[in-house]
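In case you want the letters, here they are:
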Amino acid sequence: MEQHCVIPDGDNAGDPFMPTVDHRVFLANWYEVRSTAKPNDRNQAFRYRTGLWMAAQKIGKSPGVAAETVIEFVGPALFSGWAEDGDYYSCAEHGCPCGGVYLYEAGEPMGRAWATPRIQLAAVVEDQVENTWGALIPMIEDGPLANLIPKTGEAFIRHPNGNRDSRIEVVTSKADGKLGARISAGKCDETGLWGDSNGMKKFIRTLMRGAGGMGGRVTQSTNPYDPAENSVAQDTFESTQKDVYKHYFPPPTTLNFEKKSDRKKIFAWNYASSPWVDLRSIEAEASALMDATPAEAERFYGNRIVAGAGHWVREAEWKAKRTEPIYVSPRTKICIGFDGSDNNDWTGIRAETLDHYQFTPTYQAGSEKRPTLWKPTDWGNRIPRSEVMAAMDHLANEFHIVRAYCDPMFWESEIDEWAQKHGGDGKMFIKWPTNSIGRMHASLERFRTDITNPDSPFRHDSDQITGIHIRNAIVRARPGQKYILGKPSEHQKIDQVMSSALAHEATCDALADGALAAEVEHFVYF
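Residues numbered from 1 in each chain as written. Predicted model: local features only at pLDDT ≥ 70, side-chain atom pairs only at ≥ 80, totals over all residues. Heavy atoms only, no water.

Caption draft 1: Up close: the side chain of threonine 353. With respect to the helices and strands, threonine 353 occurs in strand β13 (residues 347-353). Residues contacting threonine 353, with those up to four places away along its chain left out, are Val328, Thr332, Lys333, Ile334, Phe359 and Thr507. (Helix = DSSP H or I, 4+ residues; strand = E, 2+ residues; numbered from the N terminus. Contact = heavy atoms within 4.5 Å.)

Caption draft 2: Local environment of unusual backbone geometry. In this structure, arginine 42 is a non-glycine residue whose phi angle is positive, near 50 degrees. On the secondary structure map, arginine 42 appears in the loop between α1 (21-30) and β1 (50-54). Positive phi is not limited to glycine here, since arginine 331 has a value of about 70 degrees. Note on placement: arginine 331 falls in the loop between α9 (315-319) and β12 (333-339).

Caption draft 3: Just helix α12 (residues 437-452), in detail. An ideal rise of 1.5 Å per residue puts 22 Å on 16 residues; α12 measures up with 22 Å between its terminal C-alpha atoms. Listed in full, the buried residues belonging to α12 are Met440, His441, Ser443, Leu444, Phe447, Asp450 and Ile451. Of the surrounding elements, those touching the buried residues of α12 are α9, β14 (357-359), β22 (482-486) and α14 (495-512). (Expected span 1.5 Å × (residues − 1). Buried < 20%, exposed > 50% of the residue type's maximum accessible area, 1.4 Å probe, protein only.)

Caption draft 4: Structural context of the sheet that holds strand β10 (residues 217-222). Spatial strand order, β7-β8-β6-β9-β10-β1-β11: seven strands in an open sheet with mixed pairing. Each having just a single partner strand, β7 (156-158) and β11 (244-247) make up the two edges of the open sheet. Here the average twist between neighbouring strands, direction ignored, is 15 degrees. Examined bridge by bridge, strand β6 (residues 118-123) and strand β9 (residues 185-189) share four bridges and lie parallel to one another. The partner of leucine 121 across the bridge, within β9, is lysine 187. (Pairing = 2+ DSSP bridges. Axes fitted to C-alpha atoms, helices over the stretch in contact; angles between N-to-C directions.)

Caption draft 5: Structural view of the pairing of β12. β12 sits mainly inside the fold: six of its seven residues count as buried. Note: β12 against strand β18 (residues 400-406), six bridges, orientation parallel. Residue phenylalanine 338 lies in a different strand from β18, and its bridge partner there is cysteine 406. Summarising the sheet, β12 and β13 pair through six bridges and their orientation is antiparallel. Of the residues in β13, the one forming a bridge with isoleucine 336 is alanine 351.

Caption draft 6: Summary view of helix α6 (residues 260-270). Three or more residues of α6 are buried, namely Asp262, Arg263, Ile266, Phe267 and Asn270. Within α6, the buried residues cover an arc of 140 degrees as seen down the axis, which keeps them to one side. Of the exposed residues in α6, those oriented more than 90 degrees away from the buried face are Lys264 and Lys265. Those residues of α6 hidden inside the fold are in contact with α7 (279-292). (Arc of directions from axis to C-beta.)

Next comes the structure, spelled out in structure tokens:
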């Protein structure tokens, strides 16, 4: 980038393009090579198959994506083996007259260019992709790349190899005739606006298949998404797949965006590596936007995924109770909360030790350890009951379950089986219906108090899905100054909140019944 790309506009147009610190971190992770990589592996040589760069407005994502596009088009974007002493990369040997030479260190991953690269810049409409396209053209025409890519165009950019399929092109929901082609890279803009309503979820699936067929990879760039809109960016950010890179560094949750003094600190955090941004201008724009749509202002300039109104627990309050995951040794006394479903909502088990450390346990499935959380779409749109049963058997053998509160809806028979197999005197596995408003209200209030009270001993394992469900939960009023929890929209699940609340209630009740008392040892003498 620094050798070939130039700043596309502004006072410093034509100067060498220098990636920001934030962009460098993204690139270092996105191009991380697996230790087992082989020269012909293409996308499988890299740790990540797809990635998401989510950050505040105006930090420079579009020029950054334009520079990435150039790397994928004419640069050494593919792994070509591990360097030995004396190995080098010479631009002259790849058709570039700039004179650049890079000397590899022994053991460093070497790069090579795609033979027939085809790159698609994708957006809902052409106006969105113009931010990247408008940076890409002068980045090529006004610097050393003009010697390598002598001709750009308004519709596409042809590769110097002359191959008709080697090109950079724009695809949108309105003009998707090129969609489905085998591509070496996809660059998707503002995926926080890609949803089912505009057909972009189907669009991204087709784009990903096109990249997969050629061994290519796809990245997204966007502002923080609105959790109520069920976007592609949200799906990517909440994915549990290990080959998805999520580049997102929000400001500290303790800062309140509504306070001008805190906004100043938030902007300083978000734009720390974007010196061209005038924070006074950002404050003026954010302040004006807050009058009409405060949540949008906080997403765009605060770099936050903003929860809806009426939330049950603030994200900052939940995060304040997180701790590094603690190893809970076998036979430790724990209490369990279970919230089950059949084919729509998630099913989950949360556990809590008697000193109030709450976590999502795992269970053994062959050689694999799986979390006790089941999403129907991962299992053919049904909850895999055999997996849940195996998980509970594993937990009963692994730990000393003192008490388990289980929501019985759809799971009456299974709970009876657990009580019979593991419940001893019948006081271990207890049916605890979450649709009992008075009872559930009291339980939620106790749990919320222990979350928000800085002096309470409650803490948790920072489980990502549980945190998302906590953020989603909103208060639904009921008669008698009571409430239940609800979902802002159908896709915003809260099931792990219920499992967590039941686990905490079970722990508190077990302690009240003397769970910490020393067990009496019984002897038989002959």
